[in-house]
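Chain residues, written in single-letter form:
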Amino acid sequence: MAASAKTIPLESSNAISDWTVVLPRRGKRRRSFLKSKHPEQDQQPWAPTDLEMDLNRESKLTEKIQMCMKRVENSTFYHVLLDQVQSPPVLEAFLRVLGSESKMQMVVYGIGSIESYEPPQLQLSLAMLLKRKFSWIGDIEVFDPILSATESRVLENLGCSVLSVNEQGQRQASKPTLFFMPHCEAELYDNLVHANWRTERLNNIVLFGNSFGTYEEHVSEFRSSTIVDSSRHILAVRKFTNEFAIDTVSDDYFGAFHDTSWHFFSIVALAALQFTSKTE
């Protein structure tokens, strides 16, 4: 699979309730993501289920997001995060992923309802502010199956593209890509790593999301077969991961960004990824 494709992750009663790290995000309904050995067969087009057009509602939401962006931009949290991105170890990691490319596209998965809840608004605001700040961050693509038609139109008006296919996190990184995925489910991160289980693809990825180190700690502690199965690629790639935890600074940003890290993958040999031949 190349740039875009995968099925819509439906609500399921089989969600992993005993996975204590990946808590349902405030303002984001917990979803189960399908795992397939042949993900390209799972592709389905997606469109918002509601077709309501309300210009007043769109205007209010746009104003709300713009106000949220100003709030984030003026926060200590944002300036501390900018300092981190521009610190030598993190900036060097970004530049290594960029290589000879001038832009790194951004893919935002699992954003949740940007109309109904504050954490998704804060997360979207940060994504757009990062693009504004750094010239090497390219276009932003967004997807969450719970997005409404109003939210989709507002995202487009704000300069983002809303995907028309649910990729289930399985975008193959054929070029430098920043996956912006704070507080997604373990399955979604695992799908992403699985879909890119090649040296050149993993080396093209920057992941902003739940700490892989914390996943590893909890697997060591709980050792549930369900937990291990939902995160086996996360655990396998952990030893090749350079992780930089962010500082939420204040309680205002804890709900949207706690336990979130920048992840960079440093794979130097294909032989290191032979894990799949024994487990697939």
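Look above for the structure.
Read on for a plain summary of the structure. Model, not experiment: these values are computed from the prediction.

### Re helix 8 (residues 212-222)
Taken together, the buried positions of helix 8 are occupied by Phe-212, Gly-213, Thr-214, Tyr-215 and Val-219. Between a side-chain oxygen at the N-terminus of helix 8 and the backbone nitrogen of Gly-213 the separation is 3.2 Å; the capping residue is Ser-211. The positive-phi residue at the C-terminal boundary of helix 8 is Arg-223, with phi of around 50°.

### Quick notes on the packing of helix 1 (residues 55-73) against helix 5 (residues 149-157)
With their axes 10 Å apart at the nearest point, helix 1 and helix 5 run at an angle of 55° to one another. When the axes of helix 1 and helix 5 are compared, the pair comes out oblique. As helix 1 runs across helix 5, the sense of the crossing is right-handed. For the pair formed by helix 1 and helix 5, the contact residues are Arg-57, Glu-58, Leu-61 and Thr-62 on the first element and Thr-150, Glu-151, Arg-153, Val-154 and Asn-157 on the second. Broken down by class, the residue content of the contact of helix 1 with helix 5 amounts to 2 nonpolar, 3 polar and 4 charged.

### Quick notes on the pairing of strand 1 (residues 104-109)
With 6 of 6 residues buried, strand 1 lies mostly within the body of the structure. Alternating positions in strand 1 separate into two faces, Met-104, Met-106 and Val-108 on one and Gln-105, Val-107 and Tyr-109 on the other, with burial throughout. Note: strand 1 against strand 2 (residues 137-143), 5 bridges, orientation parallel. Following the sheet pairing, Val-108 is matched in strand 2 by Val-142.

### Notes on unusual backbone geometry
Residue Gln-168 is not a glycine yet carries a positive backbone phi of 55°. Mapping Gln-168 onto the fold places it in the loop between strand 3 (161-162) and strand 4 (177-181). Located in the positive-phi region is His-183, a residue other than glycine, with phi close to 60°. Looking at where His-183 falls in the secondary structure, it is placed in the loop between strand 4 and helix 6 (186-195).

Cut-off values and rules
Residues numbered from 1 in each chain as written. Predicted model: local features only at pLDDT ≥ 70, side-chain atom pairs only at ≥ 80, totals over all residues. Heavy atoms only, no water. Buried < 20%, exposed > 50% of the residue type's maximum accessible area, 1.4 Å probe, protein only. Helix = DSSP H or I, 4+ residues; strand = E, 2+ residues; numbered from the N terminus. Polar contact = N/O pair within 3.5 Å; in protein donor to acceptor, adjacent residues only side chain to side chain. Axes fitted to C-alpha atoms, helices over the stretch in contact; angles between N-to-C directions. Parallel < 35°, antiparallel > 145°, perpendicular 65-115°, else oblique. Left-handed = near helix turned anticlockwise from the far one by under 90°. Contact = heavy atoms within 4.5 Å. Nonpolar A, V, L, I, M, F, W, Y, C, P; charged D, E, K, R; others polar. Pairing = 2+ DSSP bridges.

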